[in-house]
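The residues making up each chain are set out below.
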Amino acid sequence: MKKSARFDKNKVILGIAAPVLAIVAALLITSVIILATGKDPLHAYAVMLDFGSKSDSQVWIINKAVPYYLSALAVAIGFRMNLFNIGVDGQYRIAAFFAAVVGGALTLPGFLQIPLIILVAMLVGSVWAGIAGLLKTTRGVSEVITTIMLNAIAAAVIGYFLQDGRLAVKDGNLFHTPSLPASSHFFSIPTQPAPLDGFLVVAVVVGFAYWFVLNRTRFGFDLRTVGQSESAAEAGGVGVKRMIVTSMLLSGAAAGLIGMPTLLGESYNYGTDFPIGIGFTGIAIALLGRNHPVGMAAAALLWGFLERTGTQLEFEDYQQEIVGVMQGVIVLCVVVAYELVRRYGLRLQQRQVGAELAAQARKTEKAEVSS
């Protein structure tokens, strides 16, 4: 029991050491970069903390973190299967576009209209990601190549239909789909000084479902097994090709949710000004959060914090690009720190096992001598 407790203690310490090491390294590197520009890094951090702690900034950060978190979940599903779904950006954009088209063409009660729009988005995203899964299992094409190409195709399809006289209308210099009826507007959580996006509740539910399915179901066990070793999983009776396609379908379905906070709670249509690039941000957040639902939530909030407070740094005469540098340095430091800690943990575990085997051998030798 003591050995087990000691091992658990080491595991906890290593788990804490990785993010602490990453944060310290990121702060040091960022400070050096800021100093190189002739500015005071401590003042920059003070400005960011002060502005980020204001109530309106906190609401903004949480609302901004919701689509980032959903994007990270979509990416993480693929990561846990050892699949790099780099096409999340195209999947959520084409999903949001067709969901907006369907929602703008219908006028149903809210309890029917909103679920229908969300289901259409999840279905379109799932189908778009499933194409890459099928090509990988039937033709052996890398999902990285196919999802990159599908991003371009999604942009082309949206560009073709998002024109006046097709599936869009012209509004000044912008083109957008017909606006959703009032019954399609998602609820908000009343807070001061501004409301929280009601899709925060959906993000929490999806995050819990992600954790539960991966860690408490047979399907999740099979998915993680295939991600660690396809040959071992196949020897254990797991259908590897089926799991690859299923994982891509689930990743695409999660990607379909990314645009819903904006579509149902802000813009109420899909236009040329609809947010882009969230899928690529999700890759960084998934890496930062180590594919864990709580870790990705913290990473999404951190990303929102940096984006919010970065605007204030410009008023303090800091370089506009400093926030982008911070984000890149943080991701790089996290990846390196976790790898260093992982290797140290493996060496520590090997030493413990070696010590236990040596102790057992000595006991056996003494028993043989005494007999």
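Residues numbered from 1 in each chain as written. Predicted model: local features only at pLDDT ≥ 70, side-chain atom pairs only at ≥ 80, totals over all residues. Heavy atoms only, no water.

Under an unreviewed UniProt entry, the name given to the protein chain is Sugar ABC transporter permease, and the source organism is Streptomyces natalensis ATCC 27448. The UniProt entry for the protein chain carries the following comment under Subcellular location (unreviewed entry): "Cell membrane". (UniProt positions renumbered as here; feature names shortened; annotations may be inferred.)

Our next topic: the environment of Leu214. Position of Leu214 among the secondary structure elements: in helix α7 (residues 199-216). Along the backbone, Leu214 and Ile13 are 201 residues apart, and their C-alpha atoms lie at a distance of 24 Å. Beyond its immediate chain neighbours, meaning those up to four positions away, Leu214 contacts Arg80, Gly220, Phe221, Leu223 and Arg224. (Helix = DSSP H or I, 4+ residues; strand = E, 2+ residues; numbered from the N terminus. Contact = heavy atoms within 4.5 Å.)

In the numbering used here, UniProt assigns the "transmembrane region" (unreviewed entry) feature to residues 12-38, 58-79, 91-108, 114-135, 144-162, 194-214, 244-264 and 322-341. As a span, residues 194-214 carries 76% helix and 10% strand, and end to end its C-alpha atoms are 35 Å apart. A distance of 28 Å separates the end C-alpha atoms of residues 322-341, which is 100% helix and 0% strand.

We now examine the nonpolar core. Ranked by size, the top nonpolar core spans 91 residues in total, and within it Phe199, Met260, Leu263, Leu264 and Met296 carry the most contacts. The element that contributes the greatest number of residues to this core is helix α3 (residues 55-80), accounting for twelve residues. Discounting chain neighbours no more than four positions away, the residues touching Met260 are Ala96, Ala99, Ile117, Ile118, Ala121, Phe199 and Gly265. (Core = buried A, V, L, I, M, F, W, Y, C linked by side-chain atoms within 4.5 Å. Buried < 20%, exposed > 50% of the residue type's maximum accessible area, 1.4 Å probe, protein only.)

Here the focus is the pattern of salt bridges. For the coordinates displayed, the defined rule picks out seven salt bridges. With its nearest N and O atoms 3.9 Å apart, the salt bridge here joins Asp89 to Arg93. One end of the pair is Asp89 and the other is Arg93, both in helix α4 (residues 88-105) and four residues apart, which spans about a single turn. Asp89 sits in the buried class, given a relative accessible area of 4%. Taking relative accessible area as the criterion, Arg93 reaches 17% and is therefore assigned buried. For the salt bridge of Glu339 with Arg343, the shortest nitrogen-to-oxygen distance reads 2.9 Å. Of this pair, Glu339 and Arg343 both sit in helix α14 (residues 322-370), separated by four residues, roughly a single helical turn. Overall, the relative accessible area of 47% leaves Arg343 in the partly exposed class. Via salt bridges that share partners, Glu339, Arg342 and Arg343 belong to a single interconnected network. (Salt bridge = Lys/Arg side-chain N within 4 Å of Asp/Glu carboxyl O.)

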